[in-house]
Structures are given as structure tokens and as C-alpha cells.
Amino acid sequence: MNTVNVRNIVIGEGIPKICVPIVGKTKEELLSEVEVLKSVPVDVVEWRMDWFEEVECCEKAVAMLQVLREAIPEMPILATFRSKKEGGELEISTAAYVELNKAIIDSGNADLIDVELFTGEAQVKELIAHAHDKGVRVIMSNHDFDKTPSYNEILTRLKSMQTLGADIPKIAVMPTCKADVITLLQATNDMHENFADRPIITMSMAGTGVLSRLCGEVFGSALTFGAAKKASAPGQMGVEDLKTVLSLLHKSL
């Protein structure tokens, strides 16, 4: 199993790393969220660009990322534009999505970039190649806010991300019952043990799925998401509680 090293963080070994999203609409709101991060246990910061009110101007998005990098110079930053169809705040064209992500990659201030699996195969390959050329790691993602796909479909999507060259495949699904959480965990375990040669991230959302955010070290998910102020997805726990549970489980393993 290969690990992914980002600044001083190693994703894919030991306790799952904690990623905290920041979702401010303005520069002032984002800097306020960043200030909170300085006093909580966080390994990676995810800037959810789709919340930023000026994100449709690439130059302003790049300038905002520069401000964030100056505010947290040593902390890994994951830049994510979550599309509307996968639970994001804003819909933009595929061409604009590619242009924005390329500009963010070129800025040199993002350590990781999120690329959605279903953006389009040509565009996904283009973004991965561009990111890797600039030394930026790719988390390839898929989010289903309506249901939990079948066990086989979850595995198919994760394996497809790996084949396409993602550094870290990621899938997040919505449970409609408790059995759906078991499906997600079974697929996670089997992907990790039998197919993955790199870290993966999986989660079942909402309250029903919160267990999946806590037991990654057992089943094979290398990173989990917690909230410092405002949650960016259903079921995110407060980061302090998340750290406590992850540490307790680690001690028992």
C-alpha cells in the first residue's frame, strides 16, 4: 500500500487523518474559519470553492487561495469545487470547472485538488495529468446524496478512480437504512484489502452513517471529515469529538 505524503502529513497509515472544510462565502468569513482551525486538531483543510461568492472569476479564486496559504502556510490545503449535482452550492459548466481547477493547480498553493469522477473521462484525465505535472495530488470523488449504490457499484467506481490515476479515490453515499452502512463498509474493506494500492476515502453520510466516519482505521478509509464551525455535508461530527473517538479506537487496535 502506497501512502500519500502532503507537507508533514502521511495519508494512508495510522490513525485516519482529519480534514476540515471551510465554507465561507467571503474573504472575511473564510479567514474567520481559518482562525478557528488553528486551535483544533486538523490535518488537512478543504477549501470548498463552490461556496465562495467570487469563485466564477478564476483570478479572484486564485487570489483567495493565496490569502489562505499565507494564513496557514504549513497546513495541507485541498481545493474542492463540488458540483451542484454532487451536493455543491453552485453549478458551472464543465469547461469552467476545468479552467478553475487548472488555475488553482497552476497557483502552486493547493497541495491536493478534488476531481469528480463523473466530470467526463477526457476532462478527468486532463486534470489529473495537469495536477501531477505540477506536483499536486488528486483526490477523485463521487458523491451520491440520494442512495447507497450496490456493493459491486461502489467497488467499480473506486477501482475506476484508481485506474484513471487518482492518488486517493473517494466515495460518499447516502444510507436509506442501516444495511446500507454495512454495504459501504464491506466494499471499503474489500477494496482496501484486495484491490487498492493507494489510500482510499469512503463514508456513509447523515446520522445513520456517522459510524463510517469513525472506523476508517478498521475498514480501510484513510481520511475523515469533521466540522470546526459549519458542516459541509450531512453527518459531519465536531472535530474535537472526532479526534477523541479516532484516538480511542486506535489505542484498542
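Just so it is clear, the model here is predicted, and its values are computed rather than measured.

A.B. asks: Which residues make up the UniProt feature "active site" (unreviewed entry) in the protein chain, and what are the values?
C.D. replies: On the UniProt side, "active site" (unreviewed entry) is annotated at positions that read His143 and Lys170 here. Taking the farthest pair of C-alpha atoms as the criterion, the annotated set spanning 28 residues converges on one region, since that pair is 8.5 Å apart. The buried category is assigned to His143, whose relative accessible area is 9%. Setting aside residues no more than four positions away along its own chain, His143 makes contact with Arg82, Glu86, Lys170 and Ala172. With respect to the element layout, Lys170 can be found in strand E8 (residues 168–173). Residue contacts for Lys170: discarding those within four places in its chain leaves Arg82, Ile139, Met140, Ser141, Asn142, His143, Leu158, Met161, Ile201, Met203 and Phe225.

A.B. asks: Help me get a handle on the pairing of strand E3 (residues 17–22), residues and values and all.
C.D. replies: Most of E3 sits out of view: 6 of its 6 residues are buried. Both faces of E3 are covered, namely the face carrying Lys17, Cys19 and Pro21 and the face carrying Ile18, Val20 and Ile22. Looking at chain direction, E3 and strand E10 (residues 223–227) are connected through 3 bridges and run parallel. Paired with Ile18 across the strands is Thr224, a residue of E10. Each parallel crossover has a hand, and for E3 linked through helix H1 (residues 27–37) to strand E4 (residues 44–48) it is right-handed.

A.B. asks: Give me the lowdown on the UniProt feature "binding site: 3-dehydroquinate" (unreviewed entry) in the protein chain, citing residues and values where you can.
C.D. replies: The sites that carry the UniProt feature "binding site: 3-dehydroquinate" (unreviewed entry) are, in the present numbering, Glu46, Trp47, Arg48, Arg82, Arg213, Ser232 and Gln236. With respect to the secondary-structure elements, Gln236 resides in the loop between E10 and strand E11 (237–238).

A.B. asks: Tell me about helix H8 (residues 239–252), residues and numbers included.
C.D. replies: Given a rise of 1.5 Å per residue, 14 residues ought to cover 20 Å, and the 20 Å separating the end C-alpha atoms of H8 matches this to within 8%. For H8, every residue scored as buried is listed here: Val239, Leu242 and Leu246. Down the axis of H8, the buried set is contained in an arc of 55°. They therefore lie on one face. Away from its buried face by more than 90 degrees, H8 exposes Leu248, Lys251 and Ser252.

A.B. asks: Let's hear about helix H6 (residues 178–195): which residues, and what values?
C.D. replies: End to end, H6 covers 25 Å across 18 residues, agreeing with the expected 26 Å (1.5 Å per residue, within 8%). Along H6, the positions that sit buried rather than exposed are Asp180, Val181, Leu184, Leu185, Ala187, Thr188, Asn189, Asp190 and Met191. Each element contacted by the buried residues of H6 is listed here: helix H5 (151–164), E8, strand E9 (201–204) and helix H7 (216–219).

A.B. asks: Explain unusual backbone geometry residue by residue, including any values.
C.D. replies: Phi at Arg7 is positive, roughly 55°, even though this residue is not glycine. Relative to the assigned elements, Arg7 resides in the loop between strand E1 (4–6) and strand E2 (9–11). What makes Arg7 partly exposed here is its relative accessible area of 42%. A positive phi is found at Ala206, a non-glycine position, where the angle reads about 65°. Structurally, Ala206 is set in the loop between E9 and H7.

A.B. asks: Account for the packing of H5 against H6, with residues named and values stated.
C.D. replies: Look at H5 against H6: their axes get within 9 Å of each other, and the N-to-C directions meet at 40°. Considered as vectors, H5 and H6 are oriented oblique to each other. In the crossing of H5 with H6, the sense of the turn from one axis to the other is right-handed. On the side of H5, the interface is formed by Tyr151, Ile154, Leu155, Leu158, Lys159 and Gln162, while H6 contributes Thr183, Leu184, Gln186, Ala187, Asp190, Met191 and Phe195. Of the residues belonging to the contact of H5 with H6, the class tally is 8 nonpolar, 3 polar and 2 charged.

A.B. asks: Now, about the side chain of Asn109: what can you tell me, with residues and values included?
C.D. replies: Inspection of the secondary structure puts Asn109 in the loop between helix H3 (94–107) and strand E6 (112–116). A relative accessible area of 10% means that Asn109 is categorised as buried. There is a polar contact of 2.7 Å between the side chain of Asn109 and the side chain of Gln66. Residue contacts for Asn109: discarding those within four places in its chain leaves Leu65, Gln66, Arg69 and Ile77.

Definitions and limits used
- Residues numbered from 1 in each chain as written.
- Predicted model: local features only at pLDDT ≥ 70, side-chain atom pairs only at ≥ 80, totals over all residues.
- Heavy atoms only, no water.
- UniProt positions renumbered as here; feature names shortened; annotations may be inferred.
- Buried < 20%, exposed > 50% of the residue type's maximum accessible area, 1.4 Å probe, protein only.
- Contact = heavy atoms within 4.5 Å.
- Helix = DSSP H or I, 4+ residues; strand = E, 2+ residues; numbered from the N terminus.
- Pairing = 2+ DSSP bridges.
- Right-handed = clockwise from strand over helix to strand, strands pointing away.
- Expected span 1.5 Å × (residues − 1).
- Arc of directions from axis to C-beta.
- Axes fitted to C-alpha atoms, helices over the stretch in contact; angles between N-to-C directions.
- Parallel < 35°, antiparallel > 145°, perpendicular 65-115°, else oblique.
- Left-handed = near helix turned anticlockwise from the far one by under 90°.
- Nonpolar A, V, L, I, M, F, W, Y, C, P; charged D, E, K, R; others polar.
- Polar contact = N/O pair within 3.5 Å; in protein donor to acceptor, adjacent residues only side chain to side chain.

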